[in-house]
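The chain contents come next:
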Amino acid sequence: WCLEHYLVVLAFAMTMIVGARVLRGRKARAHAAAAVIAGFALLGASSADARLLFQSTEQLAAAATDIVAGRIVSATARQETRASKIYTDIVVEIEDTAKGTLNKQSTITFSQLGGRIGGLVLRVSELPEFAADETVILYLVYVEGQGHVVYNGLGGKTLVSVDRGTSAKTVVVPPDLTTTLQKSLPSGEVVPEKMALSDYMSTLRSIVKAQEAAAQE
């Protein structure tokens, strides 16, 4: 199981390390405890039932080393001859960033277990699937010696809708973020179900900025 899910396990381990560095002070202990619980739940489950625990937008933003929005240029499956495992190499053209050191208009390539080669398919239920020309928001963790991996499996990918006629890009606002944003709105106003991608990324930048300021306290 660990071999087939090593990217998930590796991402979890790196997240704990990153979290310890980024989240200092009073909030650090709470986040660390949540990460430990999530780790035991993941590693103790069977391969059929293992699931990464739900994390809020704020938790994803805190744990990720990089948050980017961009278009999937390609998602190419390959098979490792030695291990007979299928991996997919994903190339992303970055259009916007909310956290980290990755640059706009650059590309990033990362690999993950799973994919399809002809009639041979390997699916890893905890990891998101990618297709060329998708527009996505990705919460990534940088792993030394490995590169970037998607943080928290399925939860680390948010699909962006692109209108075919106008090319307008929108994101469905998750319930946890709706609750957070509602508190800042004047009485009577409501958070829309969808936000323009640029506004959504701006919101993520504000969350990251607040978290970084709190970490300095």
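If you're wondering where the values come from, they're calculated on a predicted model, not measured in any experiment.

**Student:** Would you explain unusual backbone geometry in this entry?
**Tutor:** In terms of backbone geometry, most residues other than glycine have negative phi values and most peptide bonds are trans. Notably, Q105 is not glycine yet its phi reads approximately 65°, a positive angle. Position of Q105 relative to the elements: it lies in the loop between β2 (85–99) and β3 (107–113). Owing to a relative accessible area of 63%, Q105 belongs among the exposed residues under this scheme. For N152, which is not glycine, the phi dihedral falls at a positive 60°. Within the secondary structure layout, N152 lies in the loop between β7 (147–150) and β8 (157–162).

**Student:** Before we go on, may I ask you to explain the environment of Q112 in this structure?
**Tutor:** With respect to the helices and strands, Q112 occurs in strand β3. A residue is classified by how much of its surface remains accessible, and Q112, at 8% relative accessible area, is buried. For the pair formed by Q112 and H148, sequence separation is 36 residues and the distance between their alpha carbons is 9.9 Å. A polar side-chain atom of Q112 sits 2.5 Å from the main-chain carbonyl oxygen of P128.

**Student:** Looking at this model, I keep getting lost on the nonpolar core. Mind explaining?
**Tutor:** Grouped burial of nonpolar side chains is what soluble globular proteins tend to show. In this structure, I67, I137, Y139, L197, Y200, M201 and L204 are the most contacted members of the largest nonpolar core, which totals 26 residues. Only α3 (57–63), β1 (66–80), β6 (135–143), α4 (175–182) and α5 (197–215) provide two or more residues apiece to this core. Residues in contact with L197, not counting those within four places in the same chain, are A69, I137, V160, K169, T170 and V171. Of all hydrophobic cores here, the second largest spans 13 residues; its members include V92, F130, L138 and L140.

**Student:** For this particular structure, what's the right way to read the pairing of strand β9 (residues 169–172)?
**Tutor:** The two faces of the sheet receive side chains in turn, since in a regular strand these alternate between them. Sheet topology places β8 next to β9; 2 bridges connect them, and they run antiparallel. In the sheet register, S161 faces β9, and the bridge partner there is T170. Between β8 and β9, which pair antiparallel in sequence order, lie 6 residues; one of them, S167, sits at a positive phi of approximately 65°. Both β9 and strand β10 (residues 194–196) contribute to a ladder of 3 bridges, which runs antiparallel. Its bridge partner being in β10, T170 is matched across the sheet by A196.

**Student:** Can you walk me through the pattern of salt bridges in this structure?
**Tutor:** In the structure shown here, the tally under the stated rule is 9 salt bridges. Residues R78 and D89 are paired through a salt bridge, measuring 2.7 Å at the closest nitrogen-oxygen approach. Residue R78 is located in strand β1, and its partner D89 is located in strand β2; the two are separated by 11 residues in the primary sequence. Residue classification places R78 among the partly exposed residues on the basis of a relative accessible area of 29%.

**Student:** Help me understand the side chain of K157 in this model?
**Tutor:** Relative to the helices and strands, K157 resides in strand β8. Owing to a relative accessible area of 18%, K157 belongs among the buried residues under this scheme. Of note is the side chain of K157, whose polar atom sits 2.5 Å from the backbone oxygen of E129. Beyond its immediate sequence surroundings of up to four residues, K157 is in contact with P128, E129, F130, E134, V136, I137, L138 and V150.

**Student:** Quick question: what am I supposed to make of the packing of aromatic side chains here?
**Tutor:** Here a ring pair, both rings aromatic, is described through the centre-centre distance and the interplanar angle of the planes. With the rule as written, the count across this model stands at 1 aromatic pair. Each ring, one from F110 and one from F130, has its centre 5.7 Å from the other, and the planes form 80°; the classification is edge-to-face. Highlighted residues: F110 in strand β3 and F130 in the loop between β5 (120–122) and β6, separated in sequence by 20 residues.

Parameters and conventions
- Residues numbered from 1 in each chain as written.
- Predicted model: local features only at pLDDT ≥ 70, side-chain atom pairs only at ≥ 80, totals over all residues.
- Heavy atoms only, no water.
- Helix = DSSP H or I, 4+ residues; strand = E, 2+ residues; numbered from the N terminus.
- Buried < 20%, exposed > 50% of the residue type's maximum accessible area, 1.4 Å probe, protein only.
- Polar contact = N/O pair within 3.5 Å; in protein donor to acceptor, adjacent residues only side chain to side chain.
- Core = buried A, V, L, I, M, F, W, Y, C linked by side-chain atoms within 4.5 Å.
- Contact = heavy atoms within 4.5 Å.
- Pairing = 2+ DSSP bridges.
- Salt bridge = Lys/Arg side-chain N within 4 Å of Asp/Glu carboxyl O.
- Phe/Tyr/Trp six-rings, centres within 6.5 Å; stacked < 30°, edge-to-face > 60°.

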